[in-house]
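Structure at a glance
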2 protein chains.
Amino acid sequence: MEKIELEPGRVPYPMPCSLVGANVAGKPNYLAIAWFTMANPSPPHVLVVMNKVHYTNRGVKENGTFSINIPSAELAERMDYCGLVTGHKTDKSEVFETFYGRLQTAPMIKDCACNVECRLVQTVDLLKEELFIGEIMAVYSEERYLTEGVPDLRKINPILLLQSERRYAAIGADIGPAWEMGERWKRSET
Amino acid sequence: MEKIELEPGRVPYPMPCSLVGANVAGKPNYLAIAWFTMANPSPPHVLVVMNKVHYTNRGVKENGTFSINIPSAELAERMDYCGLVTGHKTDKSEVFETFYGRLQTAPMIKDCACNVECRLVQTVDLLKEELFIGEIMAVYSEERYLTEGVPDLRKINPILLLQSERRYAAIGADIGPAWEMGERWKRSET
């Protein structure tokens, strides 16, 4: 079939949903974001992309700390709420139960399956957005989400954002083993 | 249940799989990566995180262009292969059929459901990785992957990487409407 050229737009891919936490004016604030990725494997760093209009950005810069909280599907409504209202106008400190870890100033969400506590190491300015690169200082979870001590995505049941479709979706059918399926293809070719 | 502190490690989330394309030494080369995200909505920019050891990095910097290609599940074996072997040792130019778009120097994969053609605008050095920020110059797809002219993730059927589990997975069950579910929660609280 023929390729069609479309207008430059977003990359169509399912984005991992999270809640970024930071203390602003002495109170926890949580922002729903789906634009984040790992930035370095070891020592582990993560990168979040946040529009400059957000209230949470102020807290990330003031404290030099932030958290990434991974909600399970049953928290989808409350996560979505944290993307609909801004901390500039609405106090979101009571939407979830907050706890603090080693860094003391990065609020984390007790109800979330997994919490990632970060120290800000670099800020990159990009047009309407700020990229915050954080070193991961600790990860928190609960026994029920772990398999052999490691967070298990099938137990966490995280939320994917299908942006153009304006829907959230869960992880689905297994496709196969990573770093292994390619060997099979190679053998079938030779 | 009690929170358990784990060693700092990767954020547990399903990562969107793609193939980054660049011309190196005059030949198309494709690298499987799952660390990318949007970097600016309008004009649209994307950000890819690539370990400095990769052969593809050289081509991105030499040409100042690259592509992001979104494979459907049926390309999982060939995508995985492009993550198992390096362009330093193996010619990957024949794994897929290549086409070029407006920028002329960013090779794209004809078999992929969607192709995103980028102009490199900024490189950020981060320890073992390089972050390439690209402006999206064009998006290519086929009629069968579109709904009302927009790429449709349910038709594309992309591949998620579950890193700790070392498995690939598809998108699954619908959870609900984004930018809407939060209103429902708000109403139930008041």
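Residues numbered from 1 in each chain as written. Chains lettered and ligands numbered in written order. Predicted model: local features only at pLDDT ≥ 70, side-chain atom pairs only at ≥ 80, totals over all residues.

Observations regarding the relation of the copies chain A and chain B
When chain A is brought onto chain B, the operation consists of a screw motion whose angular component is 180° and whose axial shift is 0.0 Å, with 0.0 Å RMSD remaining. Taken together, the rotation and translation relating the two chain copies correspond to the operation of a two-fold axis. If distances are taken from each C-alpha of chain A to the rotation axis, the shortest is found for Gly172 of chain A, at 1.7 Å. A share of 100% of the interface residues of chain A reappears at the interface of chain B, consistent with the copies meeting face to face through the same patch. (Least-squares fit on C-alpha atoms with pLDDT ≥ 70 in both. Contact = placed C-beta atoms within 7 Å.)

Remarks on the pairing of strand β7 (residues 65-70) of chain A
Residue and element names in this part refer to chain A. Of all six residues in β7, six are buried, a share of seventy percent or more. Of the pairings in the sheet, the one linking strand β3 (residues 18-24) to β7 comprises three bridges and is antiparallel in character. Note that in β7 the partner of Val20 across the bridge is Ile68. Both β7 and strand β10 (residues 114-126) contribute to a ladder of six bridges, which runs antiparallel. Bridge pairing in β10 places Asn69 opposite Asn115. (Buried ≥ 20, exposed ≤ 12 C-beta atoms within 10 Å, placed from the backbone. Helix = DSSP H or I, 4+ residues; strand = E, 2+ residues; numbered from the N terminus. Pairing = 2+ DSSP bridges.)

Some details on the nonpolar core
If you look at the biggest cluster of nonpolar residues, it comprises 121 residues, and the most contacted ones within it are Val46 and Val48 of chain A together with Val20, Val46 and Val48 of chain B. Per-element accounting of this core gives the leading share, six residues, to strand β11 (residues 129-141) of chain B. Non-local contacts of Val20 of chain B, meaning those with residues more than four positions away in its chain, are made with Tyr30, Leu31, Ile33, Val48, Met50, Thr56, Phe66, Ser67 and Ile68 of chain B. (Core = buried A, V, L, I, M, F, W, Y, C linked by C-beta atoms within 7 Å.)

Focus on the pairing of strand β11 (residues 129-141) of chain A
Judged from the seven bridges that link them, strand β6 (residues 44-51) of chain A and β11 of chain A form a sheet pairing that is antiparallel. Each residue of the ladder has a partner; that of His45 of chain A, found in β11 of chain A, is Glu135 of chain A. Bridge count for β10 of chain A against β11 of chain A is 12 bridges, and the pairing is antiparallel. Among the inter-strand pairings, Cys118 of chain A is bridged to a residue of β11 of chain A, identified as Ile136 of chain A. In this structure, the hairpin formed by β10 of chain A and β11 of chain A is closed by a connection of two residues, where Leu127 of chain A is found at a positive phi of approximately 50°. Across three bridges, β11 of chain A lies against strand β1 (residues 4-6) of chain B in antiparallel orientation. Pairing of Tyr140 of chain A across the sheet is with Glu5 of chain B, part of β1 of chain B.

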